[in-house]
Every structure is written in structure tokens, then in C-alpha cells.
Amino acid sequence: GAGVSQSPSNKVTEKGKDVELRCDPISGHTALYWYRQSLGQGLEFLIYFQGNSAPDKSGLPSDRFSAERTGGSVSTLTIQRTQQEDSAVYLCASSLVADSNQPQHFGDGTRLSIL
Amino acid sequence: QKEVEQNSGPLSVPEGAIASLNCTYSDRGSQSFFWYRQYSGKSPELIMFIYSNGDKEDGRFTAQLNKASQYVSLLIRDSQPSDSATYLCAVSDSGTYKYIFGTGTRLKVLA
């Protein structure tokens, strides 16, 4: 497809389990961003990639969160030992390059619910 | 702390009217300004971006930028009920790769 693709679209899991969220950016986009949006809240920046490198991981909420990107394309956000406060919509966006002047295009998100 | 301020709304306008959505920002070095539309339960969709002072028009949408006043707005002409959504303003964080997002203005277009 032409847009940013995220999977799964919905994930329900029990507290304490690990989850993996996937993002496939627009073809040719070298920059990839992860955000989190809790119900009724604004967008919270988590991490970005330029190519396979993540120069700034300071937005990750805790060491239970990690992300990787391989082949300059697909990225995976992993949350270990999930907690109820992790429940949110996780959004991925991509842009041509990692530059704040570049438009970012969002995927449809993964709605994560922790029971 | 760099901030982007938006009135949360809801802003209610009758069908066919002009909706005016406003955004102020604190980072004087910001160069790029983006408007996203987010329908309830959906992800943000880029609808406009503007880099230069003045107006930029795209169909029923006009973005207006005044860097001296640190103010950016989005006008929607001939508003339709399908325009009812939350509109997010995003501003480039000077010197970094990030956007600074506002919390959004909820627009309701009344049929």
C-alpha cells in the first residue's frame, strides 16, 4: 500500500505479558516516529529512527519499552511486562528524512488494551 | 518549555459557515507548521502545511501564518458536517527533528 501500515490494529492482553507492535513506513521514507495517544489526550513522542538508528530514546516512558528498525524499513515497538497504564493508541509516522520541517504521515495506529 | 496552544473547544459552526481554528506557539525559531485532522477513533491525517508568512490555500482550506505574532490559523470555508473532527496544530521544534503538537481543537459542524 501507499501509506504507513501498522499491525495489529487492536491488541488486548493481560497485565504482565509482552507485546510487539509493528510499523511499515511509506516506501522511500527514511525517518520513522513512534507516538502514544491516551484517551482524550495529546500525542506523546516516544522515539524516532533515521534509517536503522535511534539517536534519541529519551521519550520512551520506561525501560520496559524498546524499539528497533531493520533494513531501514519495518520497525517494532516492544513493551515488556505490560501495565494497565500502557493502554493507549500507539501511532507510527514516517517522513522522507528526520527533519522537523518534513511532513509526517501517520498510520492507523494500534489500540492496545491491558486487562 | 516549548509549547503550542490551541483552544480545546468544541467550536460549533453551522453548515456552510467559515470555521476558524487558531494556534499560537512559543518557539520563535519554528519554521514549519502543520495542520492535522483527527476523526474520533482514527489517526491524524495531514491536511495542510505552511512555511512562509501569509496565506496558503488548498480547496476549502486556507492556512494563515504570522511569524511575528507566532500565530497560525486554519480556515475551513463552506464547512460540512463531515469536517467535524479534532484539528491538531503541529510546529517544528527548531534545531531538532521533532514536532511540538497542540492538544487540538474539536470542531462541530451543525447540519
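Placed above this text is the structure.
Anyway, here's the lowdown on the structure attached to this text.

Thresholds, definitions, all that
- Residues numbered from 1 in each chain as written.
- Chains lettered and ligands numbered in written order.
- Predicted model: local features only at pLDDT ≥ 70, side-chain atom pairs only at ≥ 80, totals over all residues.
- Heavy atoms only, no water.
- Helix = DSSP H or I, 4+ residues; strand = E, 2+ residues; numbered from the N terminus.
- Polar contact = N/O pair within 3.5 Å; in protein donor to acceptor, adjacent residues only side chain to side chain.
- Contact = heavy atoms within 4.5 Å.
- Disulfide = S-S within 2.5 Å.
- Buried < 20%, exposed > 50% of the residue type's maximum accessible area, 1.4 Å probe, protein only.

### A look at the side chain of Gln38(B)
For Gln38(B), the position within the fold is in strand 4 (residues 33–38). In terms of polar contacts, Gln38(B) uses its side chain to reach the side chain of Gln37(A), at 2.8 Å. A polar atom in the side chain of Gln38(B) sits 2.8 Å from the backbone oxygen of Lys42(B). What Gln38(B) contacts, discounting residues up to four positions off in sequence, is Gln37(A), Ser43(B), Pro44(B), Ala85(B), Thr86(B) and Leu88(B).

### Regarding the state of the cysteines
Tallying each qualifying case throughout the model produces two disulfides over all chains. Residue Cys23(A) pairs covalently with Cys92(A) via a disulfide, S to S 1.8 Å. Taking the sign of the torsion about the S-S bond as the criterion, the disulfide between Cys23(A) and Cys92(A), at about -65 degrees, is left-handed. You can see Cys23(A) sitting in strand 3 (residues 19–24) and its partner Cys92(A) sitting in strand 8 (residues 88–95), a full 69 residues away along the chain. The class of Cys92(A) is buried, set by a relative accessible area of 0%. Each sulfur in the disulfide pair Cys23(B) and Cys89(B) lies 2.1 Å from the other. Across the S-S bond linking Cys23(B) and Cys89(B), the dihedral sits near -70 degrees, which makes this disulfide left-handed. Taken together, the residues Cys23(B) in strand 3 (residues 19–25) and Cys89(B) in strand 9 (residues 85–92) connect sequence positions 66 residues apart.

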